[in-house]
Amino acid sequence: MQPQFMALKKSGRKLTAISLSDFYMARIASNTAIDAIIINESQANLMAYGIPGMTSEQIWLGVLNAKAGAANKTIVPILPSEMPDDIDEYINSLLNAGASAIGIPIRFRDTLLQCAKKYPVIPVIDNLNSVRTEWNLKKLIEELSEYERIGCPAVYVVDLPLDIGIAARKMLKIPVFGSGSGILDGQCLSIYDITGLSGDFASPHTKKYMDGHSMTIGAINEYCSDNRYAEIVAA
């Protein structure tokens, strides 16, 4: 997997990923040009509104849904904040369900290093406060370079600061991509945001390519009208 991602970066084409967790969206994604599907606990930015993130079981189910709907895509689940007790058993369950690689936050360094030697793993930088206070830039690049040497195919980031992102992209041969990171080697946006289905829940840095929220409301209301006032609702 690493050679494939390194070749993508070398070619200059940016890696394009979307996040989703359901079968029907995965079926749509399977017919698009996206490179990868990301499954994480904060789907559609719901955690920012106080809605609990996905559990480890729900992430596993998301992998099953993605694999069933988009078997032709690279599928990467990111481990939840609360790590499962038996990490090897859980990672194997994700791989058996159809995951191509596993995203593990770098704050779980020992677990990440241990798993990267046995499984296809993508380091995840998702806690910027920790990065800023516990890591200087040189130390972070050295850490990421170590993961590259082990064989990790990419680095996934969340809203990475400009200086860190540019340095990581310059020093690493593997792509650095993620959400809110258009300056890097690729980007990941929520399918619910780019289609407008998330409505007011959409991330502020996401471009909405259609108003799926309003279109869906309109379709449901049209069905309601047909059902209540027409003699027959067309099948």
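Report follows, based on the coordinates. Keep in mind the model is a prediction, meaning the values are calculated, not measured.

**Here's the deal with the overall build of the protein**
Next, step 1: Assigned secondary structure in the protein consists of 10 helices and eight strands.
Next, step 2: Buried residues in the protein amount to 46% of all 235 residues.
Next, step 3: Summarising the internal contacts of the protein: among those between residues at least 6 apart in sequence, 58% fall at separations of at least 24.
Next, step 4: Of the roughly 12,300 Å² that the protein leaves accessible, carbon and sulfur atoms contribute 54%.

**Regarding the pattern of salt bridges**
Next, step 1: Overall, the coordinates contain six salt bridges when judged by the stated rule.
Next, step 2: Of the charged contacts, one joins lysine 9 and aspartate 185 as a salt bridge, the two residues approaching to 3.1 Å between their closest N and O atoms. Of this pair, lysine 9 sits in helix α1 (residues 2-11) while aspartate 185 sits in the loop between β7 (176-179) and β8 (186-190), and the two are 176 residues apart along the sequence. Assigned by exposure class, lysine 9 and aspartate 185 land together as buried.

**A few points about a nonpolar patch on the surface**
Next, step 1: A cluster of nonpolar side chains, namely Trp60, Leu61 and Leu64, defines an oily patch on the protein surface of about 250 Å² accessible area.
Next, step 2: Relative to the elements of secondary structure, leucine 61 occurs in helix α3 (residues 56-69).
Next, step 3: Judged by relative accessible area, leucine 61 falls into the partly exposed class, the value being 43%.

**Focus: the pairing of β7**
Next, step 1: Two elements, strand β6 (residues 155-158) and β7, share four bridges in a ladder whose sense is parallel. Note that in β7 the partner of valine 157 across the bridge is glycine 178.
Next, step 2: Bridging between β7 and β8 involves two bridges; their strand directions are parallel. Looking at β8, one finds that phenylalanine 177 is bridged to glycine 186.

**Examining the environment of proline 153**
Next, step 1: Residue position: proline 153 is located in the loop between α7 (137-150) and β6.
Next, step 2: A C-alpha to C-alpha distance of 9.4 Å links proline 153 and lysine 173, two positions 20 residues apart in sequence.
Next, step 3: The contact partners of proline 153, leaving out residues within four places of it in the chain, are Met1, Gln2, Phe5, Val121, Ile122, Ile174 and Pro175.

**Considerations on the packing of α3 against helix α4 (residues 87-97)**
Next, step 1: Viewed as axis vectors pointing N to C, α3 and α4 meet at an angle of 20°, and their least axial separation amounts to 8 Å. As the angle between them shows, α3 and α4 are arranged roughly parallel. The hand of the α3/α4 crossing is right-handed. Of α4, the residues touching α3 (which contributes Ser56, Ile59, Trp60, Val63, Leu64 and Lys67) are Tyr90, Ser93, Leu94 and Ala97.
Next, step 2: Across the contact of α3 with α4, the residue classes tally to seven nonpolar, two polar and one charged.

**Observations regarding the packing of aromatic side chains**
Two aromatic rings are characterised by how far apart their centres lie and by the angle between their planes.
Next, step 1: For the coordinates displayed, the defined rule picks out two aromatic pairs.
Next, step 2: On the basis of an interplanar angle of 75° and a centroid distance of 5.3 Å, the ring pair of tyrosine 156 and phenylalanine 177 is categorised as edge-to-face. Of this pair, tyrosine 156 sits in strand β6 while phenylalanine 177 sits in strand β7, and the two are 21 residues apart along the sequence.
Next, step 3: Look at tyrosine 156 and you get buried, because its relative accessible area is 4%.
Next, step 4: For phenylalanine 177, a relative accessible area of 2% corresponds to the buried category.

**A few points about the sheet that holds β8**
Next, step 1: Strands sit in the order β3-β2-β1-β8-β7-β6-β5-β4 across an open sheet of eight strands; the sheet is parallel. Two strands bound the open sheet, and with one partner strand each, they are β3 (74-77) and β4 (102-105). With strand direction ignored, the average angle separating the axes of adjacent strands in the sheet is 25°.

**What about α1?**
Next, step 1: When we look at burial in α1, the residues that qualify are Gln2, Phe5, Leu8 and Lys9. The arc that holds the buried residues of α1, viewed along the axis, is 130°, so those residues lie on one side. Exposed side chains of α1 directed beyond 90 degrees from the buried face belong to Pro3, Gln4, Lys10 and Ser11.
Next, step 2: Those residues of α1 that are buried lie in contact with β1 (15-19), β3, α7 and α8 (162-171).
Next, step 3: Directly beyond the C-terminal end of α1, a positive phi value near 90° is found at glycine 12.

What counts, and at which threshold
- Residues numbered from 1 in each chain as written.
- Predicted model: local features only at pLDDT ≥ 70, side-chain atom pairs only at ≥ 80, totals over all residues.
- Heavy atoms only, no water.
- Helix = DSSP H or I, 4+ residues; strand = E, 2+ residues; numbered from the N terminus.
- Buried < 20%, exposed > 50% of the residue type's maximum accessible area, 1.4 Å probe, protein only.
- Contact = heavy atoms within 4.5 Å.
- Areas by Shrake-Rupley, 256 points an atom, 1.4 Å probe, with all protein chains shown as cover.
- Salt bridge = Lys/Arg side-chain N within 4 Å of Asp/Glu carboxyl O.
- Patch = residues over 30% accessible without salt bridge, like charges linked within 9 Å, V, L, I, M, F, W, Y side chains within 5 Å.
- Pairing = 2+ DSSP bridges.
- Axes fitted to C-alpha atoms, helices over the stretch in contact; angles between N-to-C directions.
- Parallel < 35°, antiparallel > 145°, perpendicular 65-115°, else oblique.
- Left-handed = near helix turned anticlockwise from the far one by under 90°.
- Nonpolar A, V, L, I, M, F, W, Y, C, P; charged D, E, K, R; others polar.
- Phe/Tyr/Trp six-rings, centres within 6.5 Å; stacked < 30°, edge-to-face > 60°.
- Arc of directions from axis to C-beta.

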